[in-house]
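Structure assessment
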Amino acid sequence: MTMDEQFSVVDLSAIEAFIWSEAELLDQGNLRQWRDLFAEDGKYWLPASWQQQDPLNHISLMYEDKMMMAIRVENFGHRLAPSMQYPLRCSHVLGNFRVLTDSATMITIKSNFQAIVYYQEQTLFAGTYTHQLRRLDNGYEIVEKRVDLINCDADHRSILIYL
Amino acid sequence: MSYTSLELQRLVEPHRVHRDVYTDPQIFDLEMERLWRRAWVYVGHESQVANIGDYITTTVGLEPVVMARDKNNRVQVLYNRCGHKGAKVVTQRAGSARVFRCPYHGWTYRLDGKLQATPHACGYENTDFDIDNPCFSMQSVARIDACRGFVFACLSPEGPDLLAFLGDTALTINNMCDRSPQGEVEVAGAPLPYMHDCNWKMFVENLNDAVHPMVAHASVGHATRKVVESLPEGSPVPSEAEIISPFGGSYEFFDSMGSRTMPYGHCFMGGKGSIHSSYSEIAGYMDAMQASYGEQRTTEILSQQRHNTTVYPSFTVKDAIQIVRVARPIAVDKTLVETWHFKLKGAPDEMLHRTITYSRLINSPGSMVGPDDWDCYRRMQQSLHSDASTWVDMRRYLGRNEPDGNVHVAPGTSDESVRNQYRAWCDYLLDEAQ
């Protein structure tokens, strides 16, 4: 076993814990702290097409940088937004973590998720997460979180929170 | 049908409309029969079927259809129904085929819908089966026509031709295409579908409702301002903020945009100015336009700034940002809204990026604007069942519009566009003849 592979194995449980805690912040509806997990150049991407390659030339359900995330933090739960006058709760389950690429500075890790969202009615979202993480001295920051829904191109109703 | 003409007439008054038009399934059935079968309904864009054999599937009213490019390079719109047992022949949203083959008993059709072969044909000997009889084909809709590549279908052989139907709204389609240095647009990728729990008319009426943005979309306006103000001094205004901010515009801003209504229920807002007027220039675009059109014509093209143009009942277009939204009714309380994005041929990629960004911020189910509209429609659809009152109001600026040729001009926050839609609605619904 090479040093690199050993490094991945040691690292994996810490990375899993990081991604679980990220999902927990969504479960708590704590978008402000959730946003803090992202790098300054961080992106959140929810594609609208299967195996979508391009967020700029093709529509996505969401593709947000930290500035857009800041707007969403301010808008989330806003008393003037008609769509926000309902309880919104979610429950994430994550698993099947596998490392796609790994280096001293960056790691790309894929996982499967199911997110049950209660908003007016209960909806089950499922698919994969692909996290690009930057290693920091004291942990990680998210460079990109890509969420591929198995029904990315279905006739969705409103999606009020990051998945 | 249980509604007489008189009963239908009583549903629409000059200043209000009866809630049954939004909630009664029998009215919905009548609309599908008398309105959606007689109006020109948007099908798709020719660039989606660029090559022979290319096809897409969609609906015209409740009718499933296939739009395909046939062997003679003509665009066909066919009922998506096998001439044998009635199965839907094509289920993919888009693709390419040499023939259409029903997967049930193997009847095959040419791209123009004509039945080509049936397996084990000996069974039809000595019956009156005739392979050339159109009743065994995938039948073509009554009429197909296009405006600058935008294909519309009419299920009725009678009525105005497409250009007469479109009237002044064709100028919006023309303007969107003229904004390409090559004078052509093409569809950019798959549409963005968004399922709404409301009657189709609520979505269509909202497009030219300029009294709701400052209320229903106030929160995202506030949130955007707050974040932009927190940026370091001298920061450029992010393009996202340029797009969102006008949704928090004042009543006076929307009034001054004006609302223009015309025959068949169509309307548009803006003209000289709209919510799209203050976007930053994109490098290289002006140069490309002026190289194609010269300075004067370029200025003419870019000075047309329409907000939403509604081609009643199905098609809405934003020329200045190259977005088309299509209403696909499913049931009295269920409507699919498709957003399509168009690339200006010959323009810098950044123009398409802005179109995509706009749609993601405003039209997407995951946006901070669409869900507020979505929720308001849903609230109406639920509460219109209340017997507290059975009427829905539409009297803002009643009687204060001014004729300008075939077009009537009213203040932007007028309900005139809705009243105009119900005048067309009555024309369709009260005509019982088939």
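Everything here concerns the structure above.
Next up on the list: the overall build of chain A. Of regular secondary structure, chain A possesses three helices and six strands. The helix and strand sequence of chain A, counted from the amino end, reads α-α-β-β-α-β-β-β-β. Relative to the 2.2 N^0.38 estimate, which gives 15 Å for 163 residues, the radius of gyration of chain A is 16 Å and therefore close to what a compact globule would have. The dimensions of chain A, computed from C-alpha atoms along their principal axes, are 55 × 30 × 30 Å.

Turning to the side chain of Thr57(B), a few remarks are in order. Residue and element names in this part refer to chain B. When you line up the elements, Thr-57 lands in strand E3 (residues 54–60). According to the relative accessible area criterion, Thr-57 is buried, its value standing at 18%. Separated by 2.8 Å, the side chain of Thr-57 and the backbone oxygen of Gln-92 make a polar contact. Those residues in contact with Thr-57 that lie beyond four places of it in its chain are Val-65, Val-66, Asn-80, Val-90, Thr-91, Gln-92 and Arg-93.

In this section: the interface of chain A and chain B. With 37 residues of chain A in contact, the opposing surface of chain B contributes 44 residues. In total, chain A and chain B occlude about 3,400 Å² of area from one another, counting both sides; carbon and sulfur atoms represent 58% of this. Taken as a group, Ile59(A), Asp155(A) and Arg157(A) account for 18% of the area that chain A buries against chain B, more than any other trio of residues on that side. Taken together, the links from chain A to chain B amount to four salt bridges. In this structure, Glu121(A) and Arg378(B) form a salt bridge, with 3.7 Å as the shortest nitrogen-oxygen distance. In this assembly, chain A and chain B are joined by 20 residue pairs in polar contact (both at pLDDT 80 or more). Breaking the side of chain A that touches chain B down by element, the ones donating at least two residues are strand E2 (60–64) and helix H3 (66–75) of chain A. When residues in the side of chain A that touches chain B are grouped by element, the largest group, seven residues, is from H3(A).

On to the packing of aromatic side chains, then. Think of a pair of aromatic rings as described by two things: how far the centres are apart, and how the planes are tilted against each other in angle. This structure, assessed with the given rule, holds 27 aromatic pairs over all chains. Seen in terms of ring centroids, Trp34(A) and Tyr44(A) are 5.7 Å apart; in terms of plane orientation they differ by 70°. Their pairing is edge-to-face. Here the residue Trp34(A) occupies a position in helix H2 (residues 31–36), and Tyr44(A) occupies one in strand E1 (residues 38–47), the gap between them amounting to ten residues. Ring geometry for Phe152(B) and Phe315(B): centres 5.1 Å apart, planes at 65°, overall edge-to-face. Taken together, the residues span a long stretch of sequence, with Phe152(B) in strand E11 (residues 150–154) and Phe315(B) in strand E17 (residues 315–318) at a distance of 163 residues. Neither residue differs from the other here; Phe152(B) and Phe315(B) are each classed as buried. When the ring centre of Trp391(B) is taken as reference, the NZ or CZ atom of Arg16(B) above it lies at 3.9 Å.

Next up on the list: helix H12 (residues 295–303) of chain B. All names here are of chain B. Those residues of H12 that sit buried are Thr-298, Ile-301 and Leu-302. Taken down its axis, H12 places every buried residue within 90° of arc, on the same side. On the buried face of H12, the contacting elements are helix H5 (170–178), helix H11 (285–293) and strand E16 (305–311).

Residue and element names in this part refer to chain B. Spatially, E5-E4-E3-E6 is the arrangement adopted by the four strands of the open sheet, whose pairing is antiparallel. Bordering the open sheet on either side are strand E5 (75–79) and strand E6 (94–96), each of which pairs with just one other strand. Along the sheet, successive strands turn relative to each other by an average axial angle of 30°, direction set aside. Direction of pairing for E3 relative to strand E4 (residues 63–69): antiparallel, over a ladder of six bridges. The residue of E4 that forms the bridge with Ile-56 is Met-67.

Here we come to the pattern of salt bridges. Overall, the coordinates contain 33 salt bridges over all chains when judged by the stated rule. Put simply, Arg110(B) and Asp112(B) hold a salt bridge, and the shortest N to O gap is 2.8 Å. Taken together, the salt bridges that share partners define one network made up of Glu121(A), Arg157(A), Asp197(B) and Arg378(B).

Bringing the environment of Asp209(B) into the picture now. Locating Asp209(B) in the fold gives a position in the loop between helix H6 (200–206) and helix H7 (213–216). Remark: the alpha-carbon pair of Asp209(B) and Gly183(B), spanning 26 residues in sequence, is separated by 31 Å.

The rules behind these values
One numbering rule holds for all chains: residues counted from 1, following each sequence as written. Going through the entries in the order they are written, you letter the chains from A and number the ligands from 1. Residues qualify for local features only when their pLDDT is at least 70, as the model is predicted, and side-chain atom pairs are given and counted only at 80 or more; totals for whole chains, interfaces and linings, by contrast, use all residues. In computing side-chain properties, one takes all heavy atoms of the structure into account and sets aside hydrogens as well as water. In this text, helices come from DSSP runs of H or I with a minimum length of four residues, and strands from runs of E with a minimum of two, each type numbered from the N-terminal end. Here the globule rule reads 2.2 Å times residues to the power 0.38, and the radius of gyration is calculated from C-alpha atoms. Burial classes: relative accessible area under 20% of the type maximum marks a residue as buried, over 50% as exposed, and values in between as partly exposed (1.4 Å probe, protein chains only). Identification of polar contacts relies on pairs of N or O atoms within 3.5 Å, with a donor-acceptor requirement for protein atoms, meaning one able to donate a hydrogen and the other able to accept it, and with residues adjacent in sequence counted only if both atoms are side-chain atoms. The contact criterion used throughout is that any non-hydrogen atoms of two residues lie within 4.5 Å. By definition, the buried area sums, over both parts, the 1.4 Å-probe accessible area that each loses when the two are put together. We count a salt bridge whenever a side-chain nitrogen from Lys or Arg sits within 4 Å of a carboxyl oxygen from Asp or Glu. Aromatic rings from Phe, Tyr and Trp, taking only the six-membered ring of Trp, are treated as a pair when their centres fall within 6.5 Å; an angle between ring planes under 30 degrees marks them as stacked, one over 60 as edge-to-face, and anything in between as tilted. We call a charge positioned above a ring when the Lys NZ or Arg CZ atom is no farther than 6 Å from the ring centre and deviates by at most 35 degrees from the ring normal. It is the directions from the helix axis to the C-beta atoms that the arc portrays. Should DSSP find at least two bridges between two strands, the strands are regarded as paired. Orientation is described by axes fitted as lines to C-alpha atoms, over the contacting stretch for helices, and by angles from 0 to 180 degrees between their N-to-C directions.

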